[in-house]
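Residues per chain, in single letters:
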Amino acid sequence: SPHRAAELAGVAIPDLPLPDADPLVIEGAGGVLVPITRDLLSAELFARWGLPVILVATTGLGTISHTLTALESLRARGCRVHGVAFVGDDNPDNIATIGQIGQVRVLGRLPRLDPLTPDSLSAAMRAGFDPQDFA
């Protein structure tokens with residue numbers, strides 16, 4: 001995690017102000033409760049920034065619990081959740097269950113791509129997502 005990597009490297013992670021860019025996409029990694037420092041979790045940083053969060057979730061086994069837990073963690077810290085984007089094989093029941101129980105907008109699904117190329121990714125994004133959901 002970032003906190004431990006920084007400790008091992010002997011560096012301190014500074015205060016992280018909201019970047020000045022438009023459009024702005026910030027990718028977190030490892031989950032919403034990953035420690036950035038020993039005093040700051042990813043979800044707390046997202047809440048501080050006040051940006052809408054798009055949660056990316058897998059479609060397979062375990063995703064219902066993991067995704068609902070992440071949604072609760074984000075909301076408990078005051079994050080605005082814009083929706084959930086799924087990645088993986090189609091699993092309509094898991095996707096619908098998360099949307100219903102999590103009371104969250106389902107933004108779409110990106111399938112596994114083989115081969116993964118710029119063209120195949122572009123085509124899959126056009127097929128699986130509505131750009132207006134991200135405007």
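Just above, that's the structure.
Residues numbered from 1 in each chain as written. Predicted model: local features only at pLDDT ≥ 70, side-chain atom pairs only at ≥ 80, totals over all residues. Heavy atoms only, no water.

Student: Requested: an account of the sheet that holds strand S5 (residues 106-110), with residues and values cited.
Tutor: Taken in spatial order, the three strands make up an open sheet running S3-S4-S5, and their pairing is parallel. With partners counted over all chains shown, the strands left at the sheet margins are strand S3 (53-58) and S5, one partner each. Strand-to-strand twist in this sheet, taken as the mean axis angle between neighbours without regard to direction, amounts to 25°. Sheet analysis places S3 next to strand S4 (residues 81-87), joined by six bridges and oriented parallel. What sits directly across from Ala-57, in S4, is Phe-86. (Pairing = 2+ DSSP bridges. Helix = DSSP H or I, 4+ residues; strand = E, 2+ residues; numbered from the N terminus. Axes fitted to C-alpha atoms, helices over the stretch in contact; angles between N-to-C directions.)

Student: Give a detailed account of the pattern of salt bridges, specifying residues and quantitative values.
Tutor: Side chains carrying opposite charge are able to pair once their charged atoms draw close together. Inspection of the entire model under this criterion finds six salt bridges. Close ionic contact of Arg-38 with Glu-7 constitutes a salt bridge, the shortest N to O distance being 2.6 Å. Taken together, the residues span a long stretch of sequence, with Arg-38 in the loop between strand S1 (35-37) and strand S2 (40-41) and Glu-7 in helix H1 (residues 2-9) at a distance of 31 residues. The salt bridge partner of Arg-112 is Asp-89, with a shortest N-O separation of 3.8 Å. Of this pair, Arg-112 sits in the loop between S5 and helix H5 (118-128) while Asp-89 sits in the loop between S4 and helix H4 (92-101); the two residues are 23 residues apart in sequence, bridging distant segments of the chain. What makes Arg-112 exposed here is its relative accessible area of 64%. (Salt bridge = Lys/Arg side-chain N within 4 Å of Asp/Glu carboxyl O. Buried < 20%, exposed > 50% of the residue type's maximum accessible area, 1.4 Å probe, protein only.)

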